[in-house]
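# A closer look at the structure
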Amino acid sequence: MATRLKPVDAVMIGVGWTGGILAKELTAAGLSVVGLERGEPRSTEGSFVMPSIHDELRYALRYELMQDLSRETITFRNNLNQTARPMRQYGSFLPGEGLGGAGVHWNGQTWRFLPYDFEIKSRTLARYGQQALPPNSLIQDWGITYDELEPYYDQFEYTCGISGKAGNLGGQKIAGGNVFEGARAREYPTPPLKPTYAAWLFEQAAKELGYHPFPRPSATLSQSYTNPDGQTLGACIYCGFCERFGCEVNAKASPHITVIPVALRSGRFELRTRANVLRINLDSSRKRALSVTYLDLKSGQEFEQPAEIICLTSYTLGNVRLLLLSGIGQPYDPVKGEGVVGRNYTYQASAGATLFFDDKIFNSFMGTGSVGVAIDDFNGDNFDHTGLGFIHGASITVGNTGARPIQSRPVPPGTPRWGSAWKKAVAQYYNRSFGIGAQGADMAYREHYLDLDPVYRDAYGLPLLRMTYDWGPNEIKASQYLAGVCEKIGRAMNPKTLVARGLSGHYSIVPYQSTHNCGGAIMGTDPKNSVVNKYLQSWDVSNVFVVGASAFPQNAGYNPTGTVGALAYWTADAIKKLYLKRPGPLV
Ligand SMILES: Cc1cc2nc3c(=O)[nH]c(=O)nc-3n(C[C@H](O)[C@H](O)[C@H](O)COP(=O)(O)OP(=O)(O)OC[C@H]3O[C@@H](n4cnc5c(N)ncnc54)[C@H](O)[C@@H]3O)c2cc1C
Ligand code: SF4
């Protein structure tokens, strides 16, 4: 029997970027907020200290900052005819756990999506006609435009102190920035990071080919910065232990040093860690949420936390699973094409090239999660797709996230896989190679979805989330094309050897790709094909808001968190300005 606690105004289920932003904004509006986080509390001083935070084995290979898979994982299959099996070891993606969520061990590449991304279906139909839509796809417009979201992108970027260079200020294109981006109201809060040598070579090659290189927008900051909430971040020292690690000098914008301390300072935010939420409880009409039931992992006791507003901020996978476990919204059935929860699951389709040189040294051991130079000439609809057989594309970058000594073993094809020749090649190329990466969009298809696994359960006896996913035809074609673009730019840098790669065959959850799981609780204008309205409010239960990349109807050619952060601010604003005045459906 769960112990019933004193009611509060709002509950956050999960305290990473989205939970932290909403907690900060709602406490500032005077609300009492409880944050329930299944992982441990974390702080820079206590958790990310030198030298132990640079322990590659502990953090990058044994995944100490990530979700504990022995308690909860997902099951996976490529298609409906297969039996899904549990993901017992980490591979393709690395969901976070603990205060700050994956926002602590992220890379910090902080993009805005293109205006085209939010209106992809209508713009594709207008320019290329019905036949251009990928067969069997469920792509749709978001129900919100870039212009509506722009002030909230700005708010997130200024919270983080993003380092970058604008390419479109109020409609005026600026050389050296991303000239394809939507109009922004003001410049980035801090200037770009210093480019690495490899990124500089890429920049020169891209320019020679007539493309438009610019510094990748970065949450690893070029200089010390104090944000509008009074939180001060440090300057990055390019330590190279960034992706999969917490930052020892507070130079990587993360929830635990930006939004969460502000919420706590208000005196209206109560944080409960090691609190694993099991479900949201509804009233008998099933149109109103009453409370949240969670398991206190310290005592093993169950608690019921009543609240007026419940925000699901537990990352894409947690958001969708908790909706399904709580019976909120109709689960998606891909055979009948009915239902919505779990629909439009998407990921990220990549391509790239690895370059090996004999005459250049790149100091690959240095770098940050997001330093780099990018081009957007082959992203979105920034190029003519007529006759190509696919829509959308990718941002293409050369970065230097830090070549970790255990995991970084780039050797040219034909190198023996062990022995003295292998050792020689590793020693030669560890510091004389780099990659060009294309981070491609992913369209939604009828048969790619999330639901509850009928067999496997977590440590608390609840069904695991089941993922059914594979590469779509649009993504394979796009990826092959983008591999060719990477190769062309790479060849312009005169490497000794170049290996290009595009997608083929089937998606595998074994190699790491990106933690950019999207969809499953998508936003839209119609409850028949979306789970939440434009304010990320559940169509079915109006005091539940579902915030995160779960809301993306399909994924874009970028990392998601710039848009996730913007949507969290957008939802917070809707709650403060609209919902609190008139609780109930906002649309
Ligand atoms: C290695 C890595 C690199 C990345 N690099 C980038 C990048 O460069 N750029 C970019 O845009 N994005 C990047 N990402 C993705 C980025 O981290 C996420 O988009 C972002 O953190 C999502 O924020 P969120 O609030 O939705 O989820 P999270 O930050 O993951 O927070 C969710 C929280 O909810 C908690 N939770 C889940 N279920 C429950 C439950 N039942 N009860 C209680 N708590 C629960 C989790 O423990 C977690 O702390 C990266 C991710 C990884 C792993
Ligand atoms: S690379 Fe920079 S931001 Fe990243 S962990 Fe090191 S110092 Fe921090």
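The notes below deal with the structure included here. Everything numeric in this text was worked out from a predicted model, so none of it was measured. (Residues numbered from 1 in each chain as written. Chains lettered and ligands numbered in written order. Predicted model: local features only at pLDDT ≥ 70, side-chain atom pairs only at ≥ 80, totals over all residues. Heavy atoms only, no water.)

### Considerations on the overall build of the protein
Heads up, the rule is: In this text, helices come from DSSP runs of H or I with a minimum length of four residues, and strands from runs of E with a minimum of two, each type numbered from the N-terminal end. We compute the radius of gyration over the C-alpha atoms and compare it with the globule rule, which gives 2.2 Å times the number of residues raised to the power 0.38. Only protein chains enter the accessibility calculation, which uses a 1.4 Å probe; a residue whose area is less than 20% of its type maximum is buried, one above 50% is exposed, and one in between is partly exposed. Residue contacts are defined here by distance: any two heavy atoms, one from each residue, within 4.5 Å place the two residues in contact. Each accessible area value is a Shrake-Rupley result obtained with a 1.4 Å probe; residue values ignore everything except the protein chains displayed when judging cover. Charged-residue counts in this description rest on Lys and Arg as positive and Asp and Glu as negative, His and the chain ends being excluded. Here the site of a charge means NZ on Lys, CZ on Arg, CG on Asp, or CD on Glu.
When its secondary structure is counted, the protein shows 12 helices and 22 strands. Relative to the globule expectation of 25 Å for 587 residues, the C-alpha radius of gyration of the protein, 23 Å, shows essentially globular dimensions. Taking the principal axes of the C-alpha coordinates as reference, the protein spans close to 70 × 55 × 50 Å. The buried share of the protein, reckoned over its 587 residues, is 62%. Partitioning the intrachain contacts of the protein with sequence separation of at least 6 by distance along the chain shows that 75% fall at a separation of at least 24. For the protein, the exposed area adds up to about 21700 Å²; of that, 52% sits on carbon and sulfur atoms. Across the protein, the centroid of the 57 positively charged side chains sits 3 Å from that of the 51 negatively charged ones.

### Some thoughts on the site of ligand 1
Condition: Residues are classed as near a molecule or strand on a simple rule: at least one heavy atom within 4 Å of it. N or O atoms within 3.5 Å of each other form a polar contact, as long as, within protein, one can give a hydrogen and the other can take it, and as long as residues adjacent in sequence are counted only when both atoms are side-chain atoms.
Near ligand 1, the surroundings consist of 35 residues, among which T18, E37, R38, Q109 and T561 are the closest. In this structure, a nitrogen atom belonging to ligand 1 sits 2.9 Å away from a main-chain N or O atom of V277. In this structure, P560 approaches ligand 1 through a main-chain N or O atom, which is 3.4 Å from an oxygen atom. Burial of ligand 1 by the protein amounts to 98% of the accessible area it has alone, namely 990 Å². Elements represented by at least two residues in the shell around ligand 1 include exactly α1 (17-28), β3 (33-37), β12 (275-282) and α9 (315-326). When residues of the shell around ligand 1 are assigned to their parent elements, the largest contribution, 3 residues, is made by β12.

### Brief notes about helix α5 (residues 120-128)
Keep this limit in mind: The directions from the helix axis to the C-beta atoms form the arc being described.
Buried within α5 are the following residues: I120, T124 and Y128. Buried residues of α5, seen end-on, are gathered within an arc of 30° and therefore sit on one face of the element. Packing partners of the buried residues in α5 comprise α4 (115-118).

### With respect to the sheet that holds strand β21 (residues 497-501)
Which entries qualify depends on this criterion: Think of it this way: DSSP has to see at least two bridges between two strands before they count as a pair. All axes are obtained by fitting lines to C-alpha atoms, using only the stretch in contact for helices, and the reported angles, taken between N-to-C directions, cover 0 to 180 degrees.
Here we have 6 strands laid out as an open sheet, ordered β8-β16-β17-β18-β15-β21, and antiparallel in their pairing. Looking at the sheet topology across the chains shown, the edges are occupied by β8 (214-215) and β21. Direction of pairing for strand β17 (residues 394-399) relative to strand β18 (residues 433-440): antiparallel, over a ladder of 4 bridges. Bridging from a neighbouring strand, I396 pairs with A438 of β18. Its contacts with the sheet place helix α7 (residues 197-208) against β16 (372-375), β17 and β18, and it is angled at close to 25° to β16.

### Considering the pattern of salt bridges
Quick reminder of the rule: The rule for a salt bridge is simple: a side-chain nitrogen of Lys or Arg has to be within 4 Å of a carboxyl oxygen of Asp or Glu.
Scanning the model with the defined rule gives 31 salt bridges in all. In this structure, R4 and E304 form a salt bridge, with 3.2 Å as the shortest nitrogen-oxygen distance. With R4 in strand β1 (residues 3-4) and E304 in strand β14 (residues 301-312), this residue pair connects regions lying 300 residues apart in the sequence. We classify R4 as exposed; its relative accessible area is 56%. When its relative accessible area of 19% is taken as the criterion, E304 is described as buried. Between D573 and K577 there is a salt bridge; the shortest N-O distance is 2.9 Å. Residue D573 and its partner K577 are both found in helix α12 (residues 561-579); the two are separated by 4 residues, about one turn of the helix.

### Some details on the side chain of T258
Residue placement: T258 occurs in the loop between β10 (232-233) and α8 (259-265). By relative accessible area, which is 0% here, T258 ends up buried. A polar side-chain atom of T258 sits 2.8 Å from the main-chain carbonyl oxygen of S254. Once you skip the residues sitting within four places of it in the chain, T258 turns out to touch W17, T159, N227, Q231 and L233.

### Concerning the environment of K534
Mapped onto the secondary structure, K534 falls in the loop between β21 and β22 (544-546). Along the chain, K534 and L586 lie 52 residues apart, while their C-alpha atoms are 8.9 Å from each other. The residues touching K534, leaving out its near neighbours within four places in the chain, are G143, E148, M523, G524, W570 and V587. Within the structure, K534 has its side chain in polar contact with the side chain of E148 (distance 2.9 Å).

### Describing a nonpolar patch on the surface
For the record, the criterion: Exposure above 30% relative accessible area and the absence of a salt bridge qualify a residue for a patch, where like charges join within 9 Å and nonpolar side chains (Val, Leu, Ile, Met, Phe, Trp, Tyr) within 5 Å.
Together, L57, L61 and I406 line one region of the surface with nonpolar side chains, adding up to about 220 Å² of accessible area. With respect to the element layout, L57 can be found in helix α3 (residues 56-61). The class for L57 is partly exposed, based on a relative accessible area of 36%.

### Here's the deal with the packing of helix α6 (residues 146-160) against α12
What counts, and what does not: What sets the label is the angle itself: under 35 degrees gives roughly parallel, over 145 gives roughly antiparallel, 65 to 115 gives roughly perpendicular, and the rest give oblique. Side-chain classes follow a simple rule in which Ala, Val, Leu, Ile, Met, Phe, Trp, Tyr, Cys and Pro form the nonpolar group, Asp, Glu, Lys and Arg form the charged group, and the remainder, Gly included, forms the polar group.
For the pair α6 and α12, interaxial distance at closest approach is 8 Å and the crossing angle is 110°. The angle between α6 and α12 places the two elements in the roughly perpendicular class. Counting all contacts with α6, which are made through E148, L149, Y152, Y153, Q155, F156 and T159, the residues of α12 involved are T561, G562, T563, G565, A566, L567, Y569, W570 and D573. Of the residues assigned to the contact of α6 with α12, the class counts are 8 nonpolar, 6 polar and 2 charged.

### Notes on helix α11 (residues 473-491)
Formally: Between the first and last residue of a helix there are one fewer steps than residues, each counted as 1.5 Å, and that sum is the expected span.
In this model, α11 (19 residues) spans 27 Å end to end at C-alpha, consistent with the 27 Å of a helix rising 1.5 Å per residue. Those residues of α11 not exposed but buried are N474, E475, A478, S479, L482, A483, V485, C486, I489 and G490. Across the axial projection of α11, the buried residues extend over an arc of 165°, all falling on one side. The secondary structure elements touched by the buried residues of α11 are α7, β15 (349-356), β16, β17, β18 and β21.

### A look at the site of ligand 2
Every one of the 14 residues lining ligand 2 counts as a neighbour, but C236, I237, C239, C242 and C247 are closest to it. Residues of the shell around ligand 2, tallied by class, amount to 9 nonpolar, 4 polar and 1 charged.

### Let's talk about the packing of α1 against α12
Here is the rule we go by: Take the far helix as your reference; a near helix turned counterclockwise from it by less than a right angle gives a left-handed crossing, and one turned clockwise gives a right-handed crossing.
Running from N to C, α1 and α12 point in directions that differ by 30°, and their axes come no closer than 9 Å. Classified by the angle their axes make, α1 and α12 are roughly parallel. As for the relative orientation of α1 and α12, their crossing is right-handed in sense. Two secondary-structure elements touch here, α1 through W17, T18, I21, L22, K24, E25 and L26 and α12 through T561, V564, G565, A568, Y569, T571, A572, I575 and K576. Of the residues that constitute the contact of α1 with α12, the class distribution is 9 nonpolar, 4 polar and 3 charged.

### Focus: the nonpolar core
To keep it simple, the criterion reads: Residues enter a nonpolar core if they are buried and are Ala, Val, Leu, Ile, Met, Phe, Trp, Tyr or Cys, with the set joined through side-chain atoms within 4.5 Å.
Judged by nonpolar contacts, the single largest core of 121 residues is most densely connected at I13, F93, L149, I280 and M467. With 10 residues, α12 is the single largest residue contributor to this core. Setting aside anything within four residues of it in sequence, one finds F93 in contact with I74, M87, L317, Y347, M467, Y507, I509, Y512, S514, T515 and N517. Residues A198, L355, A478 and A483 belong to the second largest nonpolar core, which totals 31 residues.

The values reported here are purely geometric and, on their own, carry no functional implication.
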